[in-house]
Each structure stands twice: as C-alpha cells, then as structure tokens.
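Residue strings, one per chain:
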Amino acid sequence: MAEPLKVMYNEEFLRGFGGKIKAVYGLFDLEGFVQSAMKAPWEELELKGRMRRITETLGAFLPPGYEDALDILYAIDAQCVGFPYLIFPDFVEVYGQAEEHWERSMAALERFTRGSSAEFSVRPFLLRDPQRMMAQMLRWSGHSSEHVRRLASEGSRPRLPWGQALPMFKRDPAPVLPVLERLKADPSLYVRKSVANNLNDIAKDHPDVVIGIAQRWKGENEYTDWIVRHACRSLIRKAVPEIMALFGYAAEAEDTPLVADASLSVDPAIVQIGGSCELRYSLHIAQGGPVRIRIEYGIDFVKAGGKTSRKLFLLSDKTVPGGSTLKATRTHRWGDLTTRRHYPGEHRIMLLVNGREAATAMLQLEKQEKGDIRL
C-alpha cells in the first residue's frame, strides 16, 4: 500500500529545506526550526496540518518583516520545485494578507505558483475581496506562463478539492466567466484541464450556465471542443437532454425506442464485502443507421443509515451501426476504498443506455466473515 502523502514532510525534508535557507540567511536556526516544526502532535497531523505547521514555524524563524522574509524565500525558490513546496504560497496566505502587503503578495503568488501551485492560497484573498482578486485573476489569465494562467482558473473554481469553497461563486459564477472565456482556446493542456474542471464545478450549481456556454463554444476550436467535452462530463452522466443532443447521442424516437431488448445478470447474486461479481449484459439497438451510445451500469449503494446513493460506471461510449447487438462482461469488486465504504444489504444494479434504464438486477451484499470471502 502506498504511503500517505503527509510522510513527504519528515525530518529529512525539513533539514534539506532548512539547509537551503541557512545557505542564504546565516542567522537561521536550523536545529530549532526542525525541532519546533516536529514537536507533538506532529505524528498525528495530516498533510495540510503538517504543511501549515511548517509554514508557521518558518514565520517564527525568518526575519519578522514580511518583505524581508519573502526576499529569503525568493533567494531559494528556484531550488524548491514540486508538490512539497506548497509551503511557499502558503507562507503568503498566512503572513501576506494585510492591505499594505497586497501588491507584494500578488507578485509572490504569481512567482511561487510556477514551482508548485498557489491555487489554495489565493482563496482567502478571493473570500475577503472577490472583486479585486478576480480583476487580478483576469490579468493572470493573459500571462505568458501556463502555470500562472492555470492559477487564474484553478484558483477560482467554486468547489476546488482540498481547497476552501467559494460560496459566492456557487451562488453566482458570473465573475469567473470572463477568465474562462479568455482561456477557452489555451494551447496548454494543463490550463484547458483546469478550465474544464472549473466549468464542471459550475455545472453542479448552475447547469443552465454551462449548457449555454457549451452550445456557444462547441465548434469554435479544437482546444475549445476538448474543454467543452470534459466540462460537460457530469451533465452527460446525468443525461441532460441538451447536452446529449449537443454531443450526438441518440435519443428515443416517438415511434422507435433506442433499445429493443436488453438483459443484465449478476453472478454470483450473493457476495461478501471484499469479494467480486461478474456483470453480463446484452442489448439490441432498435434504431436504424449509425447511433452514438453511452453504456453504463449503475449501483444503488446501501449507506450506513440504510439509504442508497447511486454511482455510475462507464462501460462503453461509441457509435455503432443501427440494429447492433452488444454483449460484454465486467467484473465489479466490492472491496472498501478510501472514497467508498460498503454496507450489507440488497443492492440494485441497472444497465443504462444514454441515461435511460434498459435492464436491472439485484445483488445481496453480506458482511465479510473472517477468513471467508464469497466471490
């Protein structure tokens, strides 16, 4: 099993990082820095807790003046590239939010994002003064560096994973849209992924906004088309009619259904948590001519309180000749994941074609007995 990310912040890292600082700032107390950073409860701290502990300890051991401390970080930041060095923009977040530091903090975030990412650290600035900060983000969206352009989009995502939510943009994403417009044909895949993820966030609260953007953008540019497709992934999973039509998925006709016949079976029908089953499906396309279809299976997972929550799994997304019969088998594993725990109970499984249920089956999930997993 892979080690948790938090272990990258350890004594070896702290000594290496502190040594770089001491090389340019002779008064730096390296031993004191390491000991202070790792004081209890260091072992219990998770990734962001360790990062913030290092940032705050750094602030205690660098010169008290914010600009003087930044100058020291500027002297070593070229040597400090990669995920662990999120502590650089975090330092700006913790110590640089005063009004008198605004310009210097913006310059620092612009600089530090190229070595790691300032996507988390811009968010407190956005929460405090969204209008001023979005003006800055719009300027960054025209920057020559793809890292800075990505910051403009990634930092303004309403629902950035691991980051503070931006409730004002959940309510009204309008201030974010000029940034995304400016980046809609960006040549960098790194930036385009961020634009698509931002729009996917927006679609969760304002699907009509993203539907309108997708309809307006599609066909403008190959880069823009890539963004539109990935931005609409949640809307495709929900089979939103306007989006399904936009991407050419076949719809039910009044006189001809899309699927004439379909079946789904589960083997075995009783499985213990940690085991697996095979799903076999068959479906016959009724409509003539080539049709674009998206085949998924969904599971209504039983939750701890007895309610269910549906999760969809993609089986196929392609264009097939009309009248085709498609068959396949998929193994589904019922082991617990970091993102999903399983609970005993009857689980409904369904086969979906372009968002419509075509067939269903039932599986009984049982508590795992020690030394006995029923596959």
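Structure: see above.
For the structure given in this document, a descriptive report is provided here. (Residues numbered from 1 in each chain as written. Predicted model: local features only at pLDDT ≥ 70, side-chain atom pairs only at ≥ 80, totals over all residues. Heavy atoms only, no water.)

### Structural notes on the overall build of the protein chain
A tally of regular secondary structure across the protein chain gives 16 helices and eight strands. Projecting the C-alpha coordinates of the protein chain onto the three principal axes gives extents of approximately 80 × 60 × 30 Å. Per-residue burial for the protein chain yields a buried fraction of 48% across its 375 residues. Looking at the protein chain alone, contacts between residues at least 24 apart form 68% of all its contacts between residues at least 6 apart. By element, 50% of the accessible surface of the protein chain is carried by carbon and sulfur atoms, the whole surface being about 18000 Å². Across the protein chain, the centroid of the 51 positively charged side chains sits 2 Å from that of the 48 negatively charged ones. (Helix = DSSP H or I, 4+ residues; strand = E, 2+ residues; numbered from the N terminus. Buried < 20%, exposed > 50% of the residue type's maximum accessible area, 1.4 Å probe, protein only. Contact = heavy atoms within 4.5 Å. Areas by Shrake-Rupley, 256 points an atom, 1.4 Å probe, with all protein chains shown as cover. Lys, Arg positive; Asp, Glu negative; His and termini not counted. Charge placed at Lys NZ, Arg CZ, Asp CG, Glu CD.)

### Some thoughts on helix H6 (residues 102-112)
Three or more residues of H6 are buried, namely Trp-102, Arg-104, Ser-105, Met-106, Ala-108, Leu-109 and Phe-112. Packed against the buried residues of H6 are helix H4 (66-76), helix H5 (87-95), helix H7 (123-128), helix H8 (130-140) and helix H9 (146-154).

### As for a nonpolar patch on the surface
A cluster of nonpolar side chains, namely Leu-5, Phe-83 and Trp-162, defines an oily patch on the protein surface of about 320 Å² accessible area. Assignment of secondary structure puts Phe-83 in the loop between H4 and H5. Residue class for Phe-83 comes out partly exposed when judged on its relative accessible area of 35%. (Patch = residues over 30% accessible without salt bridge, like charges linked within 9 Å, V, L, I, M, F, W, Y side chains within 5 Å. Salt bridge = Lys/Arg side-chain N within 4 Å of Asp/Glu carboxyl O.)

### Some words on the packing of H5 against H6
Two numbers describe a pair of packed helices, the interaxial angle and the distance between the axes. The interhelical angle for the contact between H5 and H6, taken along N-to-C directions, is 165°, at an axis separation of 9 Å. In terms of axis orientation, H5 runs roughly antiparallel to H6. When you trace H5 past H6, the crossing you get is left-handed. Residues Phe-88, Pro-89 and Val-92 of H5 form the contact with H6, whose own contacting residues are Ser-105, Ala-108, Leu-109 and Phe-112. The residue inventory of the contact of H5 with H6, partitioned by class, reads six nonpolar, one polar and no charged. (Axes fitted to C-alpha atoms, helices over the stretch in contact; angles between N-to-C directions. Parallel < 35°, antiparallel > 145°, perpendicular 65-115°, else oblique. Left-handed = near helix turned anticlockwise from the far one by under 90°. Nonpolar A, V, L, I, M, F, W, Y, C, P; charged D, E, K, R; others polar.)

### Remarks on the pairing of strand S7 (residues 345-353)
Most of S7 sits inside the fold, with seven of its nine residues counted as buried. Examined bridge by bridge, strand S4 (residues 291-302) and S7 share six bridges and lie antiparallel to one another. The residue of S7 that forms the bridge with Gly-298 is Met-350. Relative to strand S8 (residues 356-366), S7 runs antiparallel, the two being bridged by nine bridges. Looking at S8, one finds that Glu-346 is bridged to Gln-364. (Pairing = 2+ DSSP bridges.)

### Observations regarding the nonpolar core
Ranked by size, the top nonpolar core spans 80 residues in total, and within it Phe-17, Leu-62, Trp-140 and Leu-199 carry the most contacts. Top element by residues in this core is H4. It accounts for seven residues. With sequence-adjacent residues up to four places away left out, Trp-140 is seen in contact with Met-106, Leu-109, Glu-110, Val-122, Met-133, Val-148, Arg-149, Leu-151 and Ala-152. If you look at the next biggest cluster of nonpolar residues, it comprises 31 residues, including Ile-295, Leu-315, Val-353 and Leu-365. (Core = buried A, V, L, I, M, F, W, Y, C linked by side-chain atoms within 4.5 Å.)

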